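Residue strings, one per chain:
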Amino acid sequence: MPNLTGNAERYRTLFESMDEGFCIIEFLDGPHGPLSDYIHVEANAAYERHAGIANVVGQKVRDMVPDEADGWVELYGGVLHSGKPIRFQRELVATGHHLEVHSYRIGPFESRQVAVLFKDITDRIQVERAQRELQETLEARIAEALAEREEVELALRQAQKMEAVGQLTGGLAHDFNNLLAGITGAFEMISVRLAQGRVGDVEKYLAAGQGAARRAAALTHRLLAFSRRQTLSPKPIVVNRMLGDLSELVRRTVGPQIEVQTIAAGSLWPAMVDVNQLENALLNLCINARDAMPDGGKITIETANRWLDDRTAREHNLTAGQYVTVCVSDTGTGIDKALLDRVFDPFFTTKPIGQGTGLGLSMVYGFARQSNGHVRIYSEVGQGTMVCIYLPRHLGDEEAEVVLPMDMPATVDAGETVLIIDDEPSVRMLVSDALTELGFCCLEAGDGSAGLRVLESETRIDLLVTDVGLPGGLNGRQVADAARRLRGDLRILFITGYAENAVLNHGHIEPGMEVLTKPFAVDDLRRRVATLLQAQ
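In short, a report on the structure. Keep in mind it's a predicted model, so treat the numbers as computed, not measured. (Residues numbered from 1 in each chain as written. Predicted model: local features only at pLDDT ≥ 70, side-chain atom pairs only at ≥ 80, totals over all residues. Heavy atoms only, no water.)

1. Considerations on the overall build of the chain
Stage number 1. A count of helices and strands for the chain gives 15 helices and 17 strands.
Stage number 2. Residue pairs in contact within the chain that sit at least 24 positions apart in sequence constitute 66% of those at least 6 positions apart.
Stage number 3. Within the structure as shown, the chain displays about 29,200 Å² of accessible surface, and the carbon and sulfur contribution to it stands at 52%. (Helix = DSSP H or I, 4+ residues; strand = E, 2+ residues; numbered from the N terminus. Contact = heavy atoms within 4.5 Å. Areas by Shrake-Rupley, 256 points an atom, 1.4 Å probe, with all protein chains shown as cover.)

Structure, rendered in structure tokens:
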């Protein structure tokens, strides 16, 4: 026969020596309803150590912990009814002990008994809580440190900005004072020679003054390009088509010591870009390349299609997608890596004093960014430099451009009338006189409201020439929109002193509209008018 007494003693010894707390509870009916209370029928010695309550055998839960009884009854009652074991963590609030519990039913439901095996995890919970608090404290400290760092970086950026502004204004004042001296000096000498009756010398001073004025205009265009405020007239074009004329212009500019090579990619995509400004940017790069090769060398202008994935685009500070690249490389002296991060700063130049304004690369950078592209520079000292302009691919066909011979006059029908709106009387006079000589009848207005009144009248108007920035609360774009509502096929020429690009819808002007940037040559004005009227 089995030794039942020995087995019972063995299990009792095991029961009492267990490290975990253990008890058997039995459900009973109570004042809160059937099975709404339970009594402890067995408990080991570890129960008190883990739960913090002594002598629990014979005690009801509603007497032991009346405020918490409902929660414990609900948990163990679920085990009794379902027969499914559960594991959970819960605080015994009365003693402050956090318990990790495993509970299961003993026998059938009718026995009403549930076993509970548990251990005290208060120390672990306190450690975890301390770690959380430490982490929260660390996060708060990190956030505070990052905020302080951001303030320091903001102050540094402001200091750098002020340094750049000082450098910009200093260089600008120097260059403009030189140009103004040439312009005012030319006018004074013209006045003197006219008073002396020596008109033969006037042409020389006119040429000098006009040259200085053109250089001043070029300087403002570079500044506007640097600040991304120049007026752009982007059109879809395959850049390869401009390489022939550009290479000839570059050859004439850089001289015979420099070999100029063009490499046009096959099946090049169209790009949405202002051709004139792209040509200016590339010419600036070629002039820089020439200056880097005082003993001669080779300039290569190369186009390519590029598809940038997400990683490469992030490295180039671009949006992933398709781009057309135009790269200018040279075999010159190269640029030290320590200086590469500064080459796009305004008025920063590696050339000797008096041999460069430092606006060339900053203009190229501003133009590229304003064209929704980017510019990258690669250089090795003694090996040469490559500058690449990235332009977004245009998903569409190239736009056919109306080409006018230089000597083609604007054809004028009898009675063709131009309305000129500009708040600067001298500009109105210049435009009016230039177009009157071509046979147009010219009307003038000093602000948008006055111009709009003329447009609302029955007066014939074939072309509207308007400044973009007008006083009185009605800008040139608003006047043009109103004019198109009144006269649907009216041709419009915007003239602007700087790039009110947002007013012009960021260069996306409608068909039958053109943009001419001040200061402009009279011949440019004539050709724009001819282009608009020829298209009409």
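2. Quick notes on the sheet that holds strand E5 (residues 113-120)
Stage number 1. In spatial order, the strands read E2-E1-E5-E4-E3; together these five strands make up an open sheet with antiparallel pairing. Strands with a single pairing partner mark the edges of an open sheet, and in this sheet they are strand E2 (33-43) and strand E3 (86-92). With direction set aside, neighbouring strand axes in the sheet form an average angle of 35°.
Stage number 2. Bridge analysis of strand E4 (residues 97-106) against E5 gives eight bridges, and the strand direction is antiparallel. Each bridged residue has a counterpart across the sheet, and for Leu 99 the counterpart in E5 is Asp 120. (Pairing = 2+ DSSP bridges. Axes fitted to C-alpha atoms, helices over the stretch in contact; angles between N-to-C directions.)

3. Focus: the sheet that holds strand E17 (residues 513-517)
Stage number 1. Spatial strand order, E14-E13-E15-E16-E17: five strands in an open sheet with parallel pairing. In this open sheet, the two edge strands, each paired with only one partner strand, are strand E14 (441-445) and E17. Neighbour-to-neighbour, the strand axes of this sheet turn through a mean angle of 20°, independent of strand direction.
Stage number 2. Here strand E13 (residues 417-421) runs beside strand E15 (residues 463-467); their pairing, made up of four bridges, is parallel.

4. Some details on the state of the cysteines
Stage number 1. For the structure on display, the rule yields one disulfide.
Stage number 2. In this model, Cys 327 is linked to Cys 388 through a disulfide, with the two sulfur atoms separated by 2.0 Å. Its S-S torsion of about 110° marks the bond between Cys 327 and Cys 388 as right-handed, since a negative value means left-handed. Taken together, the residues span a long stretch of sequence, with Cys 327 in strand E10 (residues 321-330) and Cys 388 in strand E12 (residues 384-392) at a distance of 61 residues. (Disulfide = S-S within 2.5 Å.)

5. Here we look at a negative patch on the surface
Stage number 1. On the surface, Glu 144, Glu 148, Glu 150 and Glu 151 cluster together to form a negatively charged patch.
Stage number 2. In this structure, Glu 151 sits in helix H5 (residues 122-196). (Patch = residues over 30% accessible without salt bridge, like charges linked within 9 Å, V, L, I, M, F, W, Y side chains within 5 Å. Salt bridge = Lys/Arg side-chain N within 4 Å of Asp/Glu carboxyl O. Lys, Arg positive; Asp, Glu negative; His and termini not counted. Charge placed at Lys NZ, Arg CZ, Asp CG, Glu CD.)

6. Considerations on the packing of helix H13 (residues 448-456) against helix H14 (residues 476-486)
Stage number 1. Packing of H13 against H14 leaves a shortest axis separation of 10 Å and a crossing angle of 5°. When the axis of H13 is compared with that of H14, the two are roughly parallel. Residue-level inspection shows Gly 448, Leu 452, Leu 455 and Glu 456 of H13 in contact with H14, the latter providing Val 479, Ala 482, Ala 483 and Leu 486.
Stage number 2. Here the residues of the contact of H13 with H14 sort into six nonpolar, one polar and one charged. (Parallel < 35°, antiparallel > 145°, perpendicular 65-115°, else oblique. Nonpolar A, V, L, I, M, F, W, Y, C, P; charged D, E, K, R; others polar.)

7. Some points on unusual backbone geometry
Stage number 1. Here the phi dihedral of Leu 35 falls at roughly 50°; this positive angle occurs in a residue that is not glycine.
Stage number 2. Relative to the assigned elements, Leu 35 resides in strand E2.
Stage number 3. What makes Leu 35 buried here is its relative accessible area of 16%. (Buried < 20%, exposed > 50% of the residue type's maximum accessible area, 1.4 Å probe, protein only.)

8. Comments concerning H14
Stage number 1. Among all positions in H14, only Gly 476, Arg 477, Val 479, Ala 480, Ala 482, Ala 483 and Arg 484 are buried.
Stage number 2. Structurally, the start of H14 carries an N-cap: the backbone nitrogen of Arg 477 is 3.0 Å from a side-chain oxygen of Asn 475. (Polar contact = N/O pair within 3.5 Å; in protein donor to acceptor, adjacent residues only side chain to side chain.)

9. Here's the deal with the packing of aromatic side chains
Stage number 1. As enumerated under the stated definition, the model contains seven aromatic pairs in all.
Stage number 2. Taking the centre distance of 5.9 Å and the plane angle of 70° together, the rings of Tyr 38 and Tyr 76 count as edge-to-face. One end of the pair, Tyr 38, is in strand E2; the other, Tyr 76, is in helix H4 (residues 69-82), and 38 residues separate them in sequence. The two residues Tyr 38 and Tyr 76 agree in class, both being buried.
Stage number 3. Between Tyr 76 and Phe 88, the ring centres sit 6.3 Å apart and the planes meet at 50°, which makes this aromatic pair tilted. Taken as a pair, Tyr 76 in helix H4 and Phe 88 in strand E3 lie far apart in primary sequence, 12 residues in all.
Stage number 4. Of the residues examined, Tyr 76 reaches a relative accessible area of 4% and is grouped as buried.
Stage number 5. Taken together, the aromatic side chains of Phe 27, Tyr 38, Trp 72, Tyr 76 and Phe 88 make up a single cluster linked through ring pairs. (Phe/Tyr/Trp six-rings, centres within 6.5 Å; stacked < 30°, edge-to-face > 60°.)

10. Comments concerning a nonpolar patch on the surface
Stage number 1. Taken together, the side chains of Leu 134, Leu 138, Ile 142 and Leu 146 present a nonpolar region at the surface, about 380 Å² in accessible area.
Stage number 2. Here Leu 134 shows up in helix H5.

11. Things to note about the side chain of His 98
Stage number 1. Looking at where His 98 falls in the secondary structure, it is placed in strand E4.
Stage number 2. For His 98, the residues in contact, after removing those within four places along its chain, are Arg 90, Glu 91, Lys 119, Asp 120, Ile 121, Thr 122, Ile 125 and Arg 129.

12. What about the nonpolar core?
Stage number 1. If you look at the biggest cluster of nonpolar residues, it comprises 39 residues, and the most contacted ones within it are Val 250, Leu 278, Leu 282, Leu 285, Ile 299, Ile 301 and Ile 389.
Stage number 2. Considering each element in turn, this core owes the most residues, seven residues, to helix H8 (residues 275-291).
Stage number 3. Residues within four places of Val 250 in sequence aside, it is in contact with Val 260, Leu 283, Cys 286 and Ile 301.
Stage number 4. Core analysis: the next-biggest nonpolar cluster, separate from the first, contains 26 residues, Ala 51, Val 101, Val 114 and Val 116 among them. (Core = buried A, V, L, I, M, F, W, Y, C linked by side-chain atoms within 4.5 Å.)

13. Some points on the pairing of strand E11 (residues 374-380)
Stage number 1. Strand direction decides the pairing type here: E11 and E12, joined by seven bridges, are antiparallel. Across the sheet, the residue bridging to His 374 is Tyr 390, located in E12.
Stage number 2. Once E11 ends, the chain turns through three residues before running back antiparallel as E12, passing Gly 382 with a positive phi of about 85°.

14. With respect to the environment of Thr 303
Stage number 1. Checked against the element boundaries, Thr 303 lands in strand E9 (residues 297-308).
Stage number 2. What makes Thr 303 buried here is its relative accessible area of 3%.
Stage number 3. For the pair Thr 303 and Leu 268, spaced 35 residues apart in sequence, the C-alpha separation works out to 7.7 Å.
Stage number 4. Not counting residues within four places of it along the chain, the set of residues in contact with Thr 303 comprises Val 239, Asn 240, Leu 243, Ile 263, Ala 264, Ala 265, Leu 268, Thr 325 and Val 326.
Stage number 5. For Thr 303, the side chain forms a polar contact with the side chain of Asn 240, separated by 2.8 Å.

15. Notes on the packing of helix H7 (residues 243-254) against H8
Stage number 1. With their axes 10 Å apart at the nearest point, H7 and H8 run at an angle of 35° to one another. When the axes of H7 and H8 are compared, the crossing they make is right-handed. Residues Leu 246, Leu 249, Val 250, Thr 253 and Val 254 of H7 form the contact with H8, whose participating residues are Glu 279, Leu 282, Leu 283, Cys 286, Ile 287 and Arg 290.
Stage number 2. Class assignment for the residues of the contact of H7 with H8 results in eight nonpolar, one polar and two charged. (Left-handed = near helix turned anticlockwise from the far one by under 90°.)

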